[in-house]
Amino acid sequence: MANVQEEAAARGYVFDRSKLGVIERVPGIAATEGQLAYEWQHLLRKLAARNPPLAERWRDEPPACHPLFVVGPGPIAPWSGDDRGPLLGTRWPGPIQGQPKD
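Residues numbered from 1 in each chain as written. Predicted model: local features only at pLDDT ≥ 70, side-chain atom pairs only at ≥ 80, totals over all residues. Heavy atoms only, no water.

Caption draft 1: Expanded view of the packing of aromatic side chains. All told, the structure shown has one aromatic pair when counted by the stated rule. Ring centres of Trp40 and Trp58 lie 6.2 Å apart, and the angle between their planes is 85 degrees; this geometry places the pair in the edge-to-face category. A residue pair is termed long-range when its members are at least 10 positions apart, and Trp40 in helix α2 (residues 33-50) and Trp58 in helix α3 (residues 52-58) qualify at 18 residues. According to the relative accessible area criterion, Trp58 is partly exposed, its value standing at 31%. (Phe/Tyr/Trp six-rings, centres within 6.5 Å; stacked < 30°, edge-to-face > 60°. Helix = DSSP H or I, 4+ residues; strand = E, 2+ residues; numbered from the N terminus. Buried < 20%, exposed > 50% of the residue type's maximum accessible area, 1.4 Å probe, protein only.)

Shown next as structure tokens:
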């Protein structure tokens, strides 16, 4: 996988490598197959509303996951707000402090 500087160069940008800190490997982030499937279906629902041809193109594709995530068996995470989880009918009340609004 390319780092930020390599990706910038490949796209024709000038990137000052001195602005980056030390590049280190980090441990993988655990994710479950159930959560990955849920997120994929959530994305496909959004695409169906916003870009139906793209949704159709991706409809039968299996979800791919960034290599930082380590996917294993398991259900949807309880924080996902899915109707199978404890957050039924709830929505996040607003942006996290310091985060931009959508």
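Okay, back to it.
Caption draft 2: Focus on α2. The end-to-end C-alpha distance of α2, which contains 18 residues, comes to 26 Å, matching closely the 26 Å that a straight helix rising 1.5 Å per residue would cover. Among the residues of α2, those classed as buried are Gly34, Gln35, Tyr38, Trp40, Leu44 and Leu47. Lining the buried residues of α2 we find β1 (29-32) and α3. (Expected span 1.5 Å × (residues − 1). Contact = heavy atoms within 4.5 Å.)

Caption draft 3: A look at the pattern of salt bridges. In this structure the tally under the stated criterion is three salt bridges. Put simply, Glu7 and Arg11 hold a salt bridge, and the shortest N to O gap is 2.7 Å. Residue classification places Glu7 among the partly exposed residues on the basis of a relative accessible area of 33%. Classification of Arg11 as exposed rests on a relative accessible area of 59%. Note that Arg59 is salt-bridged to Asp60, the shortest N-O span being 3.4 Å. (Salt bridge = Lys/Arg side-chain N within 4 Å of Asp/Glu carboxyl O.)

Caption draft 4: Region of interest: the environment of Val70. Secondary-structure assignment places Val70 in strand β2 (residues 69-72). Along the sequence, Val70 and Gly28 sit 42 residues apart, while their C-alpha atoms lie 5.7 Å from each other.

Caption draft 5: Spotlight on a nonpolar patch on the surface. Taken together, Ile29, Phe69 and Val71 make up a surface patch of nonpolar side chains, about 230 Å² in accessible area. Following the sequence through the fold, Val71 ends up in strand β2. (Patch = residues over 30% accessible without salt bridge, like charges linked within 9 Å, V, L, I, M, F, W, Y side chains within 5 Å. Areas by Shrake-Rupley, 256 points an atom, 1.4 Å probe, with all protein chains shown as cover.)

Caption draft 6: Representation of the environment of Pro63 within the structure. Positionally, Pro63 belongs in the loop between α3 and β2. Residue class for Pro63 comes out partly exposed when judged on its relative accessible area of 31%. With 27 residues separating them in the primary sequence, Pro63 and Leu36 have C-alpha atoms 7.2 Å apart.

Caption draft 7: Spotlight on the environment of Ile76. Along the chain, Ile76 turns up in the segment after β2. For Ile76, a relative accessible area of 19% gives the class buried. It is 8.0 Å that separates the C-alpha atoms of Ile76 and Leu36, two residues lying 40 residues apart in sequence.

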